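Architecture and fold: a report
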Amino acid sequence: QVHLEESGGGFIQSGGSLSLTCAVSGDIFSRFIMAWFRQAPGKEREFVAAINRRADRQYYGEFAKDRFTISRDNIGNTAYLLMNALKDEDTAVYYCAAAGLASMFTIDVVTETPYEYWGQGIQVTVSS
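Below: a short report on this structure.

How each quantity is defined
- Residue numbers restart at each chain and count upward from 1, following the sequence in its written direction.
- Per-residue local features of the predicted model are confined to residues with pLDDT of at least 70, and side-chain atom pairs are confined, for both listing and counting, to 80 or more; whole-chain, interface and lining totals are unaffected and use all residues.
- Side-chain metrics in this entry use all non-hydrogen atoms of the structure; hydrogen atoms and water are not considered.
- Each helix is a run of H or I in the DSSP string that is no shorter than four residues. Each strand is a run of E no shorter than two, and both are numbered from the N terminus.
- A radius of gyration in this sense is built from C-alpha atoms; the matching globule rule multiplies 2.2 Å by the number of residues raised to 0.38.
- Only protein chains enter the calculation, and the probe is 1.4 Å; a residue is then buried if its accessible area is under 20% of its type maximum, exposed if over 50%, and partly exposed in between.
- Note on areas: these come from Shrake-Rupley sampling with a 1.4 Å probe, and a residue is covered only by the protein chains present in the view.
- Positive charges come from Lys and Arg alone, negative charges from Asp and Glu alone, with His and the N- and C-terminal ends not counted.
- Charge placement uses NZ in Lys and CZ in Arg. For Asp and Glu, CG and CD serve respectively.
- Each nonpolar core is a collection of buried residues, namely Ala, Val, Leu, Ile, Met, Phe, Trp, Tyr and Cys, held together in the definition by side-chain atoms within 4.5 Å.
- Contact criterion: two residues are considered in contact whenever any of their non-hydrogen atoms come within 4.5 Å of each other.
- Here, a salt bridge means any Lys or Arg side-chain nitrogen found within 4 Å of an Asp or Glu carboxyl oxygen.
- For two strands to pair, DSSP has to find at least two bridges joining them.
- Between N-to-C directions, angles span 0 to 180 degrees; the directions come from axes that are lines fitted to C-alpha atoms, helices contributing only their stretch in contact.

Our focus in this paragraph is the overall build of the chain. In terms of helices and strands, the chain carries 1 helix and 11 strands. When the helices and strands of the chain are placed in sequence order, the string is β-β-β-β-β-β-β-β-β-α-β-β. Here the C-alpha radius of gyration of the chain, 14 Å, is about what a compact globule of 128 residues would show, namely 14 Å. Taken along the three principal axes of its C-alpha coordinates, the chain extends 40 × 25 × 25 Å. Counting across all 128 residues of the chain, residues that qualify as buried make up 41%. Element-wise, carbon and sulfur atoms account for 49% of the exposed surface of the chain, whose accessible area totals about 6700 Å². Of the charged side chains in the chain, 11 are positive and 15 negative; the average position of the first set lies 4 Å away from that of the second.

Next up, the structure:
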């Protein structure tokens, strides 16, 4: 069974930076499109970022452009999300997700595909 485990969340001051890590085990990591989603209380799940298998293409949610960076290490079986210039509205539970069945890497696919595996989520709280 594939297991995803997020780490690196916590409390951060607005304007600061935080790096999230997603450690993947149980399968060949390079098979997966990797993505981050988030969900704030009372809000719908929101796409944050995705990265393809070769790590040469990325997509970002509109709010994440120019502030967040997704990356991956196919040797260490790890995905990352670096968040800069954090705002109060970035407060949410952040989830790491992996998709192995998707055959295309497009913005529509990465935002809507039924990811096969999810982490348990990690809280990020930004305060001013």
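Grouped burial of nonpolar side chains is what soluble globular proteins tend to show. By size, the foremost hydrophobic cluster in this structure holds 28 residues, and its most contacted members are Leu20, Met34, Leu81, Met83 and Tyr94. Those elements that provide at least two residues to this core are β3 (18–25), β4 (33–39), β5 (46–51), β7 (68–73), β8 (78–83), β9 (92–99) and β11 (122–127). Beyond its immediate stretch of four places on either side in the chain, Leu81 contacts Leu18, Ser19, Leu20, Trp36, Val48, Ala49, Phe68, Thr69, Ile70 and Tyr94.

Counting across every chain of the model gives 5 salt bridges. Here Glu62 makes a salt bridge to Lys65, at a shortest N to O gap of 3.0 Å. Judged by relative accessible area, which is 61%, Glu62 ranks as exposed. Its relative accessible area of 41% is what places Lys65 among the partly exposed residues. Linked by salt bridges that have partners in common, Arg38, Glu46, Arg67 and Asp90 make up one network.

Bringing the sheet that holds β8 into the picture now. Hydrogen bonds between backbone atoms are what pair the strands of a sheet, whose relative direction is either parallel or antiparallel. Read from one edge to the other, the open sheet built from 4 strands follows the order β1-β3-β8-β7, with strand pairing classed as antiparallel. Strands with a single pairing partner mark the edges of an open sheet, and in this sheet they are β1 (3–7) and β7. Strand-to-strand twist of the sheet, defined as the mean angle between neighbouring strand axes without regard to direction, takes the value 15 degrees.

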